[in-house]
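As a plain string of letters, each chain reads:
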Amino acid sequence: MSGTFTRITPRPVKVGLVAGGLGAYWPQFPDLLPQLRRSSARVAERMKALDCEVVDVGFISDAQEGAAAAEKLRAAGCDLIVGFLTTYMTATMLVPIAQRSGAPVLLINLQPTESMDHATFDTGQWLAYCGACPLPEMANAFTRCGIPFRSVSGYLEDERAWERIGRWVKAAGVRAALGRGRHGLMGHLYPGMLDVATDLTLVSANFGGHVEVLEFDDLRVRVEKVGDDEAAGRVALAREVFELDGSVNEEDLQWAARVSAGLDRLVEDFALDSLAYYHRGLDGEIHERLGAGMILGASLLTARGVPAAGEYELRTSLAMLIMDRLGGGGSFTELQALDFARGHVEMGHDGPAHLAISSRRPLLRGLGVYHGKRGWGVSVEFDVTRGPVTAFGLRQDRDGGYGFVVSEGEVVEGPLLQIGNTTSRVDFGCDPGEWTDAWSASGISHHWALGTGHRMAELRAVADLLGAGITHVQPGR
């Protein structure tokens, strides 16, 4: 489905790169520095292939050059600093970079090849393989200076090492997206949902970014300005993207199309990266109709990379944004039922879906009533594509900190309800009741994001960069 949508292109991750070694070696071993510079050039080349913008400040040989590099990287405003330990170097060369940059630092130790030729190597050739030597020194100094420490060790063409490096780059992109993000919160809390209630200050405290508090009237005035041609174009898009069930009322589809077009204007006008919304309404008045008409537009937005979650679920819209930026989509999800006969957990939600990760052409179904909500209209029926998936949500702890809750499973075949809901059958490799108990005990709210792929390793990296705790729900394993 992803080819149908024009995704919003996020700003590329900006990675600062500095390589270094101990300058005392250069006059002693004239061939060493040229070799190390070749290695650093290869690292720069491979870093650029990770779909990021690389700010390469070159090679440093002493503390003074390290301080100069620190200032360049600070001024560049990087999302991640990568320090390449080409051989032994002192901690004084890198600590200032970590302290001044304002960005997380990843140290990499990539020796030239898998192993030295011990029979022929002299001291100078050995020193090119000596990047591991300063790594404990860096860890010690970083820890004593209160700087989080993380590293990747391997060799220049070690694909496992580069996979781990790429994971940190993606995590830095997520951290930056949250830190710069503008997150819309429109309407009011679904009455009684204590788990959903979010202190807006805590979003900035944990992730940075800005929460834009919106009224449904902000949407109303934009929907009123949608012309007939624009509405007709949005209906045509809906017919292209969705299979339309016979229950779809043409008037309801036209209304949903107008709301969708107005919603796009709202997102553009307020420069939103995500949106959570809910409005109860009364007796068919305009705000109730707007709330009931959100599903089409919210689904199309989510597929384009602007996650939209119902029921005022701000933390879940943030979780959806994180999952989306990791490449896993992330659809608005809650528990629906447990199938003990098949060993599956059935999960999804009424309302918006992440259409780009649908297993098939999604269906629009007309509903005369939305369960638990006022209004009527069209709703989305879809299930996440078969294969590995990750359930991921944000937990708010009593101390105000946010924690990650993660569980990996697999979407499998099986019967699905035909009631206008998003529903996926997930096999977590254990009794569905045991999984549900463990998942609930984590402190998760009753909503989360369901995304494609097993993302635990990537989410661990994101949690590390954000200073968030992480709970891995994996009963029976």
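For the structure itself, consult the block above.
What counts as what
- Residues numbered from 1 in each chain as written.
- Predicted model: local features only at pLDDT ≥ 70, side-chain atom pairs only at ≥ 80, totals over all residues.
- Heavy atoms only, no water.
- Salt bridge = Lys/Arg side-chain N within 4 Å of Asp/Glu carboxyl O.
- Helix = DSSP H or I, 4+ residues; strand = E, 2+ residues; numbered from the N terminus.
- Buried < 20%, exposed > 50% of the residue type's maximum accessible area, 1.4 Å probe, protein only.
- Contact = heavy atoms within 4.5 Å.
- Polar contact = N/O pair within 3.5 Å; in protein donor to acceptor, adjacent residues only side chain to side chain.
- Phe/Tyr/Trp six-rings, centres within 6.5 Å; stacked < 30°, edge-to-face > 60°.
- Pairing = 2+ DSSP bridges.
- Axes fitted to C-alpha atoms, helices over the stretch in contact; angles between N-to-C directions.
- Parallel < 35°, antiparallel > 145°, perpendicular 65-115°, else oblique.
- Nonpolar A, V, L, I, M, F, W, Y, C, P; charged D, E, K, R; others polar.

**Some thoughts on the pattern of salt bridges**
Part 1 of the argument: Evaluated as defined, the whole model comprises 32 salt bridges.
Part 2 of the argument: Linking Glu45 and Arg42 is a salt bridge whose minimum nitrogen-to-oxygen distance equals 2.8 Å. Of this pair, Glu45 and Arg42 both sit in helix α2 (residues 32–48), three residues apart, roughly one helical turn.
Part 3 of the argument: Residue Glu45 is classed as partly exposed on the basis of its relative accessible area of 47%.
Part 4 of the argument: Its relative accessible area of 27% is what places Arg42 among the partly exposed residues.
Part 5 of the argument: In this structure, Glu250 and Arg239 form a salt bridge, with 2.9 Å as the shortest nitrogen-oxygen distance. Linking Glu250 in helix α11 (residues 250–269) with Arg239 in helix α10 (residues 228–241), this pair joins segments that are 11 residues apart in sequence.
Part 6 of the argument: Glu250 gets classed as partly exposed once you look at its relative accessible area, which sits at 39%.

**Examining the side chain of Ser407**
Part 1 of the argument: In this structure, Ser407 sits in strand β16 (residues 402–411).
Part 2 of the argument: On the basis of relative accessibility, which here comes to 1%, the residue Ser407 falls in the buried class.
Part 3 of the argument: The residues contacting Ser407, other than those within four sequence positions of it, are Val389, Thr390, Ala391, Phe428, Trp435, Trp439 and Val473.

**Focus on the side chain of Thr333**
Part 1 of the argument: Secondary-structure assignment places Thr333 in strand β11 (residues 329–339).
Part 2 of the argument: In this structure Thr333 comes out as buried when scored by relative accessible area, which is 2%.
Part 3 of the argument: Side-chain polar atoms of Thr333 contact the backbone oxygen of Ser331, separated by 2.7 Å.
Part 4 of the argument: Each residue touching Thr333, except ones within four places of it in the same chain, is listed here: Met347, Gly348, His349, His446, His447, Trp448, Ala449 and Leu450.

**Quick word on the environment of Ala261**
Part 1 of the argument: Position of Ala261 relative to the elements: it lies in helix α11.
Part 2 of the argument: When neighbours within four sequence positions are excluded, Ala261 is seen to be in contact with Val226, Glu230 and Arg234.

**A short note on the packing of aromatic side chains**
Part 1 of the argument: Under the criterion given, the structure shown has 10 aromatic pairs.
Part 2 of the argument: Considering the side-chain rings of Phe392 and Phe404, the 5.0 Å spacing of their centres and the 70° angle between planes classify their relative orientation as edge-to-face. Taken together, the residues Phe392 in strand β15 (residues 387–396) and Phe404 in strand β16 connect sequence positions 12 residues apart. Of the two residues examined, Phe392 and Phe404, each falls in the buried class.
Part 3 of the argument: Here Trp435 and Trp439 contribute two aromatic rings whose centre-to-centre distance is 5.1 Å and whose plane-to-plane angle is 15°, an arrangement assigned as stacked. One end of the pair, Trp435, and the other, Trp439, are both in helix α15 (residues 432–441), four residues apart, so they sit about a helical turn from each other.
Part 4 of the argument: Owing to a relative accessible area of 1%, Trp439 belongs among the buried residues under this scheme.
Part 5 of the argument: The rings of Phe428, Trp435, Trp439 and Trp448 are connected pair by pair, giving a single aromatic cluster.

**What about the sheet that holds strand β2 (residues 52–60)?**
Part 1 of the argument: Overall, parallel pairing links the five strands, which are arranged β2-β1-β3-β4-β5 in an open sheet. Sheet topology places β2 and β5 (151–155) at the edges, where each strand pairs with a single neighbour. Between one strand axis and the next, the sheet turns through 20° on average, direction left out of account.
Part 2 of the argument: Sheet strands touched by α2: β1 (13–20), β2, β3 (80–85) and β4 (105–111). Its angle to β2, the strand with the most contacts, is close to 170°.

**Topic: unusual backbone geometry**
Part 1 of the argument: Although it is not a glycine, Asp283 sits at a positive phi angle of roughly 55°.
Part 2 of the argument: You can see Asp283 is positioned in the loop between β9 (274–278) and α12 (286–292).
Part 3 of the argument: Exposure remark for Asp283: the relative accessible area of 71% places this residue in the exposed category.
Part 4 of the argument: The phi dihedral of Glu311 falls on the positive side, at around 55°, and the residue is not glycine.
Part 5 of the argument: Tracing the backbone through its elements, the reader meets Glu311 in the loop between β10 (308–309) and α14 (314–325).
Part 6 of the argument: For Glu311, a relative accessible area of 5% translates into the label buried.

**Topic: the packing of α10 against α11**
Packed helix pairs are characterised by how far apart their axes lie and by the angle those axes make with each other.
Part 1 of the argument: Running from amino to carboxyl end, α10 crosses α11 at an angle of 105°, the nearest separation of the two axes being 8 Å. Here α10 lies roughly perpendicular to α11, going by the angle between them. Between α10 and α11, the residues in contact are Asp228, Glu230, Ala231, Arg234, Val235, Ala238 and Arg239 and Glu250, Leu253, Gln254, Ala257, Arg258, Ser260, Ala261, Asp264 and Arg265, respectively.
Part 2 of the argument: Tallied by class, residues from the contact of α10 with α11 come to six nonpolar, two polar and eight charged.

What is shown is where atoms sit, not what they do.
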